[in-house]
Protein chains: 2
Amino acid sequence: MSSLQPQINIARLEKLLDDFAQIGKTKNGGVTRLTLTSLDKQARDLLIQISQSAGFKVQVDAIGNIFIRREGLKDLPVVMTGSHGDSQPKGGRYDGIYGVLAGLEVLLTLNDYNIQTNHPIELVMWTNEEGSRFAPAMMGSAVFTGKLDLDQAYAIKDQDGITVKQALEDIGYLGNAKIANQSIKAIIEAHIEQGPILEQQNQTIGIVKGAFAQRWYEVTLTGLAAHAGTTPVNMRQDAVVGLSESVTALNRLALHPDSKDIRLTVGMITVSPNSRNVVADHCFFTIDLRHYDSELLANFETLIYAQLSEIAEKLNLKLEIKKVLSMPSIHFDLNCITSVRKAAIKNNYSAIEMVSGAGHDACHLSSIAPTSMIFIPCIKGISHNEAESITTSWCKAGADVLLDTLLELSQ
Amino acid sequence: MSSLQPQINIARLEKLLDDFAQIGKTKNGGVTRLTLTSLDKQARDLLIQISQSAGFKVQVDAIGNIFIRREGLKDLPVVMTGSHGDSQPKGGRYDGIYGVLAGLEVLLTLNDYNIQTNHPIELVMWTNEEGSRFAPAMMGSAVFTGKLDLDQAYAIKDQDGITVKQALEDIGYLGNAKIANQSIKAIIEAHIEQGPILEQQNQTIGIVKGAFAQRWYEVTLTGLAAHAGTTPVNMRQDAVVGLSESVTALNRLALHPDSKDIRLTVGMITVSPNSRNVVADHCFFTIDLRHYDSELLANFETLIYAQLSEIAEKLNLKLEIKKVLSMPSIHFDLNCITSVRKAAIKNNYSAIEMVSGAGHDACHLSSIAPTSMIFIPCIKGISHNEAESITTSWCKAGADVLLDTLLELSQ
């Protein structure tokens, strides 16, 4: 290993980000690059061309995940990094691709400094993380970790009836590498935070210790339709009032200090008959609930049920609650987390431990290998949006920390 | 005038109601009899057949309103009664037609007792009160009172592109009587309450002193879309929370004793992007506000604006409020109201003064002649619904009071 302290090349990294942002560029400076489209192919081709020019070995597996390998000195398990290259429709220019290109920049830096690691390092571009064209999201890593059967994945169709397998063939990325034939030492994914916490707390690096547990509920309140003019307010069974009191109360519960930054969202509402001069007899709404602490989440669920029951009873409404999703929290590997922390400290970046509120390929990957993530801030927390943006210093910080983390893990 | 105290024939009235309820009868015991359809024609034909058999003169005007005249002793202005014969889709068997048939029953009773009134009495079946097939509602009375131009009304089309004029011709009810060629002394419309007040207060007769002023508002709250997982609740600009706090606060204001039974309804809500894992950036909702006292209504509007502004500011949301409708309250004629009250007292029916929260033909008619209405309860206040129902005693009470009111006014 060279005695010179290696430094990533921020100009090169920003050039890479800019080049990839041209592929599927939108009018408002974002990116639309749906998975397995010709635009996705362009991004894949460009990644492979740069990698092969730099002397890295490229393999594509049967679900289109691309593995770019920089050999180590010894025949040891690989250290992996990477993220996804696809975007949301009218998405941002950093979501996913930042982690891929920060990883590429690290490999190129290792070349620049002629650094030899003991473990091989593999940069991966995972297929279809967004799930916008083919559901579910995080498909490439799901197949890689055995959470989704390959043939099942192949059969999934987009809105035009094209299957995943057909789409892989169409762009020439139905690879022949065996799924998950590597022995893996550790996996580190760099990603923009997609939330406002780091920027608001003036922190540069998020040391990601895991991902939130998540529960989804569907709530229906049923009252009695009535004439808006003839029915006194105190004689109504108004489902909209039930909805409103429920959301107001749940939001207050979520903001209570005891709830410890629980994430509660009512994002979808349907009202029936939805007529301006008829008191509504039905309201349907969803609750998305997330927290790292499964016990706190379970306790909060009890609070939700009690609160909704109390309001429904008070307003003489019928209440139905269906729990439609329940996923446990994910706890990343302590050694990986420590490596990220040490790398942040070494580079003098302010850093906090945090938990991912969003799903990432790393969440699946953590089930088969020691994993952690590195978050950098994004401006105002805006993501899945053309306005998604980061600063040069954040961009550099993430790659610096990734470099030192991978160096430590691959020694 | 006969010395015998006349009594309406409740058995005959209930038979009439039952016969008309067969025309457009629905599976669940309601009625679908949209205006100017072949079913409406059947109801019109039946009314005319009974009326002509009883010796009354029938005229149809150019918008299809049917006038059934029982002559008076003198050439004096007519006393009118009546209501509409059309229904909502899957409507009830009493809304509208009760007022027509109670009026018919009164005329038949006057025949039974050989009573001669000084003023002629005209029973009217008004065209298209519901507005379900052709908007606007209350079309026949609007044309009759000059509020809607006849040629404009003729040109209005239903969903199949059929005009009002064509529909009138198709069923043979494009009449040749001149619009509003009568001199009118007074108009009394009997109707089911379509609300729960009379039944809840254990009253049999509503002496209707007018109709509510009404204002409609459209409210838009704009926040910032955000990821449900990555954005702490206290860092959001959540339009759904804004909606919920707004409706909760407005509902409490409406229930305050100072608001004196103001009718406030949020019946229509649209959320954007309406996705269960995205914090909503837009909420649109409507407010329907009604009260008899215009000053109270204006003051309440000020409260609404202040309350919504306070909530929007607190939650960092952009607020837009558009007032899209403002109709003044309608005050019925004091002499007509007094006649109704005297008739209720004479018959020993419990009665309260009340204000109509719904629109009725009488609301238009009050602009050209002294007017009032008689309400009877309907079970649980349910109307515009197949479950609409009344009791025999309420049915009789409304017709008794109508008889004595018309007798007094036509003397």
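These numbers come from a predicted model, not from an experiment.

Here the focus is the UniProt feature "binding site: Zn(2+) 2" (unreviewed entry) in chain A. Residue and element names in this part refer to chain A. According to UniProt, the "binding site: Zn(2+) 2" (unreviewed entry) feature falls on Asp-95, Glu-130 and His-384. Across 290 residues of sequence, these annotated residues stay compact in space, with a maximum C-alpha separation of 9.7 Å. With respect to the helices and strands, Glu-130 occurs in the loop between strand 4 (121–126) and helix 4 (139–144). Look at Glu-130 and you get buried, because its relative accessible area is 9%. Once you skip the residues sitting within four places of it in the chain, Glu-130 turns out to touch His-84, Asp-86, Ser-87, Gln-88, Asp-95, Ala-137 and His-384. Mapped onto the secondary structure, His-384 falls in the loop between strand 16 (371–376) and helix 12 (392–409). Judged by relative accessible area, His-384 falls into the partly exposed class, the value being 34%. Not counting the four nearest positions on each side in its chain, His-384 is found in contact with Gln-88, Lys-90, Gly-91, Asp-95, Glu-130 and Gln-194.

Time to look at the nonpolar core. In globular proteins that are soluble, nonpolar side chains generally tend to be buried together. Grouped together as the largest cluster of nonpolar side chains are 81 residues, with contacts concentrated most on Phe-20, Tyr-98, Leu-101, Ile-205 and Ile-390 of chain B. Not counting residues within four places of it along the chain, the set of residues in contact with Tyr-98 of chain B comprises Leu-13, Leu-17, Ala-190, His-191, Ile-376, Ile-390, Trp-394, Cys-395, Gly-398 and Ala-399 of chain B.

Here we come to the interface of chain B and chain A. Contacts between the two partners involve 53 residues from chain B and, on the opposite side, 53 residues from chain A. Summed over both sides, the interface between chain B and chain A buries roughly 4700 Å², with carbon and sulfur atoms accounting for 59% of that surface. When residues of chain B are sorted by the area they lose upon contact with chain A, Thr-230, Val-233 and Arg-276 of chain B head the list and together hold 16% of the total. One can count 4 salt bridges joining chain B with chain A. Here Glu-218 of chain B makes a salt bridge to Arg-276 of chain A, at a shortest N to O gap of 2.9 Å. Inspection of the region where chain B meets chain A yields 19 residue pairs in polar contact (both at pLDDT 80 or more). For the side of chain B that touches chain A, the secondary structure elements donating two or more residues are helix 7 (197–200), strand 7 (213–222), helix 8 (239–255), strand 9 (263–265), strand 10 (269–272), strand 11 (278–279) and strand 12 (282–291) of chain B. For the side of chain B that touches chain A, the leading source of residues is helix 8 of chain B, giving 11 residues.

As a further point, take the relation of the copies chain B and chain A. Note on the copies: chain B fits chain A at an RMSD of 0.1 Å, the axial shift is 0.0 Å, and the rotation between them is 180°. The symmetry that links the two subunits is that of a two-fold axis. In terms of proximity to the rotation axis, the leading residue of chain B is Ser-244 of chain B, whose C-alpha is 2.0 Å off the axis. Counting the interface residues of chain B, we find that 100% of their copies in chain A are interface residues as well, pointing to one common contact surface.

Turning our eyes to something else, we now look at the packing of helix 10 (residues 334–346) of chain B against helix 12 (residues 392–410) of chain B. All names here are of chain B. Remark: helix 10 packs on helix 12, axes separated minimally by 8 Å, with the N-to-C direction vectors making an angle of 125°. Comparing the axis directions of helix 10 and helix 12 gives the class oblique. The way helix 10 lies across helix 12 gives a crossing that is right-handed. Contacts from Ser-339, Val-340, Lys-342, Ala-343, Ala-344 and Lys-346 in helix 10 reach Val-401, Asp-404, Thr-405, Glu-408 and Leu-409 in helix 12.

Residues and elements named next belong to chain A. Of all 6 residues that make up strand 4, 6 are buried, and the element is covered over most of its length. Covered by surrounding structure in strand 4 are Ile-121, Leu-123 and Met-125 together with Glu-122, Val-124 and Trp-126, the residues of both alternating faces. Of the pairings in the sheet, the one linking strand 2 (residues 66–70) to strand 4 comprises 5 bridges and is antiparallel in character. Each residue of the ladder has a partner; that of Arg-70, found in strand 4, is Ile-121. Direction of pairing for strand 3 (residues 78–84) relative to strand 4: parallel, over a ladder of 6 bridges. The residue bridging Gly-82 from the neighbouring strand is Val-124, located in strand 4. Since strand 3 and strand 4 lie parallel, the crossover through helix 3 (residues 97–112) that links them has a hand, and here it is right-handed.

Our focus in this paragraph is the packing of aromatic side chains. All names here are of chain A. Applying the stated rule across the entire model yields 8 aromatic pairs over all chains. A ring pair is formed by Tyr-217 and Tyr-305, whose centres lie 6.2 Å apart and whose planes are at 80°; its orientation type is edge-to-face. Within this pair, whereas Tyr-217 is found in strand 7 (residues 213–222), its partner Tyr-305 is found in helix 9 (residues 294–314), the two being separated by 88 residues in sequence. You can call Tyr-305 partly exposed: its relative accessible area is 29%. Chaining the aromatic ring pairs together yields one cluster made of Phe-67, Trp-126 and Phe-144. The side chain of Arg-44 reaches across the aromatic face of Tyr-173, ending 4.9 Å from its centre.

A few words on the UniProt feature "binding site: Zn(2+) 1" (unreviewed entry) in chain A. Residues and elements named next belong to chain A. Under the UniProt annotation, the feature "binding site: Zn(2+) 1" (unreviewed entry) is placed at His-84, Asp-95 and His-191. Look at the named residues: they lie 108 residues apart in sequence, but the longest C-alpha span between them is just 9.7 Å, so in the fold they bunch up. As for its position among the elements, His-84 is in strand 3. Taking relative accessible area as the criterion, His-84 reaches 0% and is therefore assigned buried.

Residue and element names in this part refer to chain B. Over its 21 residues, helix 9 (residues 294–314) runs 30 Å from end to end, which matches the ideal 30 Å to within 8%, given 1.5 Å per residue. What helix 9 keeps buried is the set Leu-296, Leu-297, Phe-300, Glu-301, Ile-304, Gln-307, Leu-308, Ile-311 and Ala-312. Taken down its axis, helix 9 places every buried residue within 145° of arc, on the same side. Opposite the buried face of helix 9, by more than 90 degrees, sit the exposed residues Glu-295, Thr-302, Glu-310, Glu-313 and Lys-314. If you follow the buried residues of helix 9, they end up packed against strand 7, helix 8, strand 9, strand 12 and strand 13 (318–327).

What follows covers the packing of helix 8 of chain B against helix 9 of chain B. For any two helices packed against each other, one specifies the crossing angle of their axes together with the interaxial distance. Residues and elements named next belong to chain B. Packing of helix 8 against helix 9 leaves a shortest axis separation of 10 Å and a crossing angle of 150°. Considering their axes alone, helix 8 and helix 9 lie roughly antiparallel with respect to each other. Where helix 8 crosses over helix 9, the two elements pack in a sense that is right-handed. Note on element contacts: helix 9 touches helix 8 through Phe-300, Leu-303, Ile-304, Gln-307, Leu-308, Ile-311 and Lys-314, opposite Gly-242, Glu-245, Ser-246, Ala-249, Leu-250, Leu-253 and Ala-254.

Cut-offs applied
Residues numbered from 1 in each chain as written. Chains lettered and ligands numbered in written order. Predicted model: local features only at pLDDT ≥ 70, side-chain atom pairs only at ≥ 80, totals over all residues. Heavy atoms only, no water. UniProt positions renumbered as here; feature names shortened; annotations may be inferred. Helix = DSSP H or I, 4+ residues; strand = E, 2+ residues; numbered from the N terminus. Buried < 20%, exposed > 50% of the residue type's maximum accessible area, 1.4 Å probe, protein only. Contact = heavy atoms within 4.5 Å. Core = buried A, V, L, I, M, F, W, Y, C linked by side-chain atoms within 4.5 Å. Buried area = accessible area lost by both parts, 1.4 Å probe. Salt bridge = Lys/Arg side-chain N within 4 Å of Asp/Glu carboxyl O. Polar contact = N/O pair within 3.5 Å; in protein donor to acceptor, adjacent residues only side chain to side chain. Least-squares fit on C-alpha atoms with pLDDT ≥ 70 in both. Axes fitted to C-alpha atoms, helices over the stretch in contact; angles between N-to-C directions. Parallel < 35°, antiparallel > 145°, perpendicular 65-115°, else oblique. Left-handed = near helix turned anticlockwise from the far one by under 90°. Pairing = 2+ DSSP bridges. Right-handed = clockwise from strand over helix to strand, strands pointing away. Phe/Tyr/Trp six-rings, centres within 6.5 Å; stacked < 30°, edge-to-face > 60°. Lys NZ or Arg CZ within 6 Å of the ring centre and 35° of its normal. Expected span 1.5 Å × (residues − 1). Arc of directions from axis to C-beta.

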